[in-house]
Amino acid sequence: MRLKNQKNLKLDEARRLLNAAYEAVDTEISDRLLLLVREMIEPFVEARDPDALWLKCSLPLIDQATDQECDQVFRQQLEDAVAAGSVGAKFALACELDDDGVFERSSDLYFEAASDGHLYAMWCYGLNLMHGRGVGQNYSEGLLYIQRAADLNFEYAINFFINAFKHGHYGLVQDDELVDFWQNKLLAAGLVLADEYMYQTP
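It should be emphasised that the depicted structure is a prediction, and the values quoted were computed from it without experimental measurement.

Cut-offs and rules
- Residues numbered from 1 in each chain as written.
- Predicted model: local features only at pLDDT ≥ 70, side-chain atom pairs only at ≥ 80, totals over all residues.
- Heavy atoms only, no water.
- Helix = DSSP H or I, 4+ residues; strand = E, 2+ residues; numbered from the N terminus.
- Contact = heavy atoms within 4.5 Å.
- Salt bridge = Lys/Arg side-chain N within 4 Å of Asp/Glu carboxyl O.
- Buried < 20%, exposed > 50% of the residue type's maximum accessible area, 1.4 Å probe, protein only.
- Expected span 1.5 Å × (residues − 1).
- Bend = angle between axes of the 7 residues up to and from the residue.
- Core = buried A, V, L, I, M, F, W, Y, C linked by side-chain atoms within 4.5 Å.
- Axes fitted to C-alpha atoms, helices over the stretch in contact; angles between N-to-C directions.
- Parallel < 35°, antiparallel > 145°, perpendicular 65-115°, else oblique.
- Left-handed = near helix turned anticlockwise from the far one by under 90°.
- Nonpolar A, V, L, I, M, F, W, Y, C, P; charged D, E, K, R; others polar.

(A) Broad picture of the overall build of the protein chain. Secondary structure assignment for the protein chain yields 11 helices and 0 strands. Principal-axis analysis of the C-alpha atoms gives the protein chain an extent of 55 × 40 × 35 Å. Nonlocal contacts in the protein chain, meaning residues at least 24 apart in sequence, comprise 49% of its contacts between residues at least 6 apart.

(B) Inspection of the pattern of salt bridges at higher detail. All chains considered together, the criterion is met by 11 salt bridges. A salt bridge links R15 to D12; the nearest nitrogen and oxygen atoms lie 2.7 Å apart. Of this pair, R15 and D12 both sit in helix α1 (residues 2-23), 3 residues apart, which is roughly one turn of the helix. Looking at D12, the relative accessible area reads 35%, which means it is partly exposed. In this structure, the salt-bridge partner of E79 is R105, at a minimum N-O distance of 2.8 Å. Of this pair, E79 sits in helix α4 (residues 67-84) while R105 sits in helix α6 (residues 103-115), placing them 26 residues apart in sequence. A relative accessible area of 24% means that E79 is categorised as partly exposed. Salt bridges linked by common partners bring K7, D49 and D51 together as one network.

(C) Representation of helix α2 (residues 27-46) within the structure. The end-to-end C-alpha distance of α2, which contains 20 residues, comes to 28 Å, matching closely the 28 Å that a straight helix rising 1.5 Å per residue would cover. At M40, α2 shows its strongest bend, of approximately 35°, with the proline P43 following within four residues. All buried positions along α2 are accounted for by S30, L33, L34, V37, M40, I41, F44 and V45. Looking one or two places after α2, you find R48, whose phi comes out positive at around 65°.

(D) Region of the structure containing the nonpolar core. I41, F91, Y110, Y120, W123, F154 and F161 are the most contacted members of the largest nonpolar core, which has 61 residues in total. For this core, the element with the most residues is helix α7 (residues 119-131), which contributes 9 residues. Once residues lying within four places of it in the same chain are set aside, the contact partners of Y120 are F91, F154, Y156, A194, Y197 and M198.

(E) Expanded view of the packing of α7 against helix α8 (residues 139-151). At a minimum axis separation of 7 Å, α7 and α8 run at an interaxial angle of 160°. Considering their axes alone, α7 and α8 lie roughly antiparallel with respect to each other. Considering the relative orientation of α7 and α8, their crossing is left-handed. Between α7 and α8, the contacting residues are L119, M122, W123, Y125, G126, L127, L129 and M130 on the first element and Y139, E141, G142, L143, Y145, I146, R148 and A149 on the second. Grouping the amino acids of the contact of α7 with α8 by side-chain chemistry returns 12 nonpolar, 2 polar and 2 charged.

In short, the description is geometric, and any link to function would need to be established separately.
Quick look at the structure:
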């Protein structure tokens, strides 16, 4: 337990330094911070730690001459992190595969990440179920996944239900009281913003 806590503290510090590196105006300072992050996470990367492998995916690639080479290396880094069990990497790779039209594996990864509690993945997998995208169509189960995300304050899922109950879409009955309920939830504290959540490490 103590070793795990030490690892988590070091990786948290590495994340803070990585954020500082990307915010730094001075290129030399940024480069020094990025080098420090690489050195901090390297022992954990060598140990195939999923959190460290996922964090490595956020580091800029070096020594790749072309965009195609960068894409190949990044994709392999994601695959390595997924193989180690990183939830964030599962979601990120699912998005990449979805963009490539590889819908079945993409949906499988959304399902895995959703099962591990990833809110954005719940939303995506719910939509895939509703539309039969890479998975057998199941409208009611898709709604359940989206509601799970909405109940946990995920922005997109809450907006989905506001729209659904306002207009009677997606097989749901128009209901002004439920529109008010979800709108209040949207304005309440603890809202999970999609753009911010996407780059977090669950």
